[in-house]
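# A closer look at the structure
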Amino acid sequence: MQTPHVVTDDAPALQTDEATASRIHFDIFTLFPQMFSGPFDESIIQRARANGLISWALHNIRDYTTDRHHVCDDTPYGGGGGMIMKPQPIFRAIETVLSRPAGWVLPAEAAYVSLPPWEAEAPPSLPPAVPVILLSPQGRLLNQQIVLELSQYRRLALICGRYEGVDERVASRLATDELSIGDYVLSGGELAAMVLVDALTRLVPGALGHCLAAHQDSHSPGLGGLLEGPHYTRPLTFRQETAPEILLSGHHAQVHQWRREQALARTLVRRPDLLESAALSATDLAFLRRLGWEPKA
Ligand code: ADE
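These notes cover the structure that comes with them. Remember, it's a predicted structure, so these values are computed and weren't measured experimentally. (Residues numbered from 1 in each chain as written. Predicted model: local features only at pLDDT ≥ 70, side-chain atom pairs only at ≥ 80, totals over all residues.)

Among the 13 residues in the neighbourhood of the ligand, the closest are listed as L135, P137, S180, L186 and A192. Element by element, the count of residues in the shell around the ligand is highest for strand β5 (residues 132–141), at three residues. Class assignment of the residues belonging to the shell around the ligand gives a composition of seven nonpolar, six polar and no charged. (Near = placed C-beta within 6 Å. Helix = DSSP H or I, 4+ residues; strand = E, 2+ residues; numbered from the N terminus. Nonpolar A, V, L, I, M, F, W, Y, C, P; charged D, E, K, R; others polar.)

Now the structure itself:
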């Protein structure tokens, strides 16, 4: 893995109007750019883009091949099943794009045939403030803390692996971080990249309707790292279950206390591991003790 880049204020010059205004620009490197069409065309991500809060460019790794058949994969050295993504098209795509302003995309007519010059053995220096994240089942497990850290960057590059994996030199010499979205194997990193873009977009100020919403989410600092408790809306009674009376009482302090206790109780039942690192007050601890929970020494 490359040395992680540091956050600096000297964001690289931005090219398009859209990229100039956006808080985060995503450069996504994939063999299947069309996979992003549906999820990125709806709801919060679409609205955040329309409002100039985020921007993205999809880069087809295959466009950066120069052989006649545009081959992006090869058999593994040492044998074994499956195919491995070749390093050159990925390095070429990332180095070409990241050495240009955010918002730059390869003109369609330049794919394969008139790519910008690139030297396989002479890497250009890439902008320091752009993490290059390889999505893979072997990466660090993504959590809200990592999302929060990544939300400090103005530009991120996401590499979506396919086949049995990518040549190890992509992980060791190009990526600055490797992230997994869970202990299961997907057919490629595209869905994981979408998950990351979604989680990051929610943290961009103005992306959600309610300004407190992201802060009060499960796992978020506003809740001290707990799960959220239950929510209810109309009708008051549904399938013989009535919403808790306290929520209709109008006593804000009591409602607040009830919500806190529900969050604590739910976290205890569903994710007791989170309690060990949660921000707990003396009142929280007293409540949890009544439920039989004690912090580990
Ligand atoms: N690619 C394949 N499986 C993955 C996972 N669990 N997380 C991120 N990228 C992946």
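What follows picks up the thread again.
Moving on to the environment of L275. Position of L275 among the secondary structure elements: in helix α9 (residues 272–275). Residue classification places L275 among the buried positions, given that 20 C-beta atoms sit within 10 Å. Through-space distance from the C-alpha of L275 to that of A157 is 33 Å; in sequence the pair is 118 residues apart. The contacts of L275, once residues within four sequence positions are left out, are T267, L268, L288 and W293. (Buried ≥ 20, exposed ≤ 12 C-beta atoms within 10 Å, placed from the backbone. Contact = placed C-beta atoms within 7 Å.)

In this section: the sheet that holds strand β6 (residues 155–160). As summarised here, the arrangement of the five strands in space is β2-β1-β6-β5-β8, forming an open sheet in which the pairing is parallel. Of all the strands in the sheet, just β2 (54–60) and β8 (177–180) have a single pairing partner and so form its edges. Strand-to-strand twist across the sheet, computed as the mean angle between neighbouring axes with direction ignored, equals 35 degrees. Relative to β6, strand β1 (residues 24–30) runs parallel, the two being bridged by five bridges. Its bridge partner being in β6, D27 is matched across the sheet by A157. (Pairing = 2+ DSSP bridges. Axes fitted to C-alpha atoms, helices over the stretch in contact; angles between N-to-C directions.)

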